[in-house]
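Read off the chains here:
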Amino acid sequence: LQTADTALVSGLDILTRVKELTVRASNTGVADPASQFAIATEIDGLRSELLTIANTKYLDRPIFNGTADGAAYDSVSGLYNGNSAVVQREVAPGTVMPVNMTGEQVFGTQGGPTSDLFAVLDRLQTAILASDSTAIATEHSNLDTATKRLASAAAEIGTRAARIDNLRARADADQMGMSERLSRLEDADIAEALLNVKSSENAYNAALQAAARILPASLLDYLR
């Protein structure tokens, strides 16, 4: 969950930059073909960074591909290779929680009304290179939708991580309480133990002194 949270926050930072570039590209009256090409090129690089984030791994397994093997997304085409399986974990006695989100939940469904984020970025680049203001505006709106979806996924992951932290804190408190109760039942009281040892030592010395008075003196005692 922490790995996913870090990845999604990084993804949101990248989308903020993409939106800035899209706004700049929307001003077709000022932008020239060279600047539009530069913007499209930077967006392409940001798309590659987002694909890297979408293929983030934890313990050498992709975290956004459900339970499928291999990378969640094709690093070139951006096609989703995962499935929609939910990974459940028992995080406390009787408490089971989904600990993953699939690529389609985070980055959108391919072939949907606005398709996934990577298809949106592909179309946005094409629109910018063509200086097609209408298409740029359309994909800008689709980009907003994708950003909201990613932000919602990040919030959900953060909520689950916070719940795990709360459960861990509660478990630690319960363990400490049980240790204290066990200590009261089984552990020695140091002060009491020292007092008992000293008392036993005094009783032993007193017994030796009493025995010395009772036993008659021997010839060896006189020779001393």
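Anything mentioned here points back to the structure above.
Starting from 1, residues in each chain are numbered consecutively following that chain's sequence as written. Where local features are concerned, this predicted model is filtered to residues with pLDDT of at least 70; where side-chain atom pairs are given and counted, the filter is 80 or more; whole-chain, interface and lining totals use all residues. Values reported for side chains reflect all heavy atoms of the structure, with hydrogen atoms and water molecules removed beforehand.

*Asks:* Even after reading the chapter, I still don't get the pairing of strand E4 (residues 95-98), so can you show me in this structure?
*Replies:* In summary, the side chains of a regular strand alternate between the two faces of the sheet. Across the two faces of E4 the burial differs, with Thr95 and Met97 buried and Val96 and Pro98 not buried at all. Strand pairing is defined by DSSP finding a minimum of two bridges between the two strands. Put simply, DSSP H or I for four residues or longer makes a helix, DSSP E for two residues or longer makes a strand, and each gets a number counted from the N terminus. As defined by bridge partners, strand E3 (residues 88-92) adjoins E4 across 4 bridges and the pair is classed as antiparallel. Bridging from a neighbouring strand, Glu90 pairs with Val96 of E4. Here E3 hands over to E4 after 2 residues, with Gly94 in that stretch at a positive phi of 80°. We call a residue buried when its accessible area falls under 20% of the maximum for its residue type, exposed when it is over 50%, and partly exposed in between, using a 1.4 Å probe and counting protein chains only.

*Asks:* Sorry if this is basic, but what is going on with the side chain of Asn142 here?
*Replies:* Considering the arrangement of structural elements, one finds Asn142 in helix H5 (residues 133-186). Polar contacts, as counted here, are pairs of nitrogen or oxygen atoms within 3.5 Å of one another; within protein the pair requires one atom able to donate a hydrogen and one able to accept it, and residues that are adjacent in sequence qualify only if both atoms are side-chain atoms. In terms of polar contacts, Asn142 uses its side chain to reach the side chain of Glu139, at 3.1 Å. We call two residues in contact whenever any of their non-hydrogen atoms come within 4.5 Å of each other. Once residues lying within four places of it in the same chain are set aside, the contact partners of Asn142 are Thr114, Val120 and Arg123.

*Asks:* What is the right way to look at the packing of helix H2 (residues 33-54) against helix H4 (residues 117-129) in this model?
*Replies:* The geometry of a pair of packed helices is captured by two quantities: the angle between their axes and the separation between those axes. Every axis in this analysis is a line fitted to C-alpha atoms, fitted for helices over the stretch in contact. Angles between the N-to-C directions lie between 0 and 180 degrees. Relative to each other, H2 and H4 sit at 170°, their axes nearing to 9 Å. As summarised for this structure, H2 and H4 are arranged roughly antiparallel, according to the angle between their axes. Of H4, the residues touching H2 (which contributes Gln36, Phe37, Ile39, Ala40, Ile43, Asp44, Arg47, Leu50, Leu51 and Ala54) are Leu117, Phe118, Leu121, Asp122, Leu124, Gln125, Ile128 and Leu129. Three classes are used, and their members are as follows: Ala, Val, Leu, Ile, Met, Phe, Trp, Tyr, Cys and Pro are nonpolar, Asp, Glu, Lys and Arg are charged, and the others, Gly among them, are polar. Taken together, the residues of the contact of H2 with H4 break down into 13 nonpolar, 2 polar and 3 charged. To sort the angles, those under 35 degrees are grouped as roughly parallel, those over 145 as roughly antiparallel, those from 65 to 115 as roughly perpendicular, and the leftovers as oblique.

Any functional reading would require information that these geometric values do not contain.
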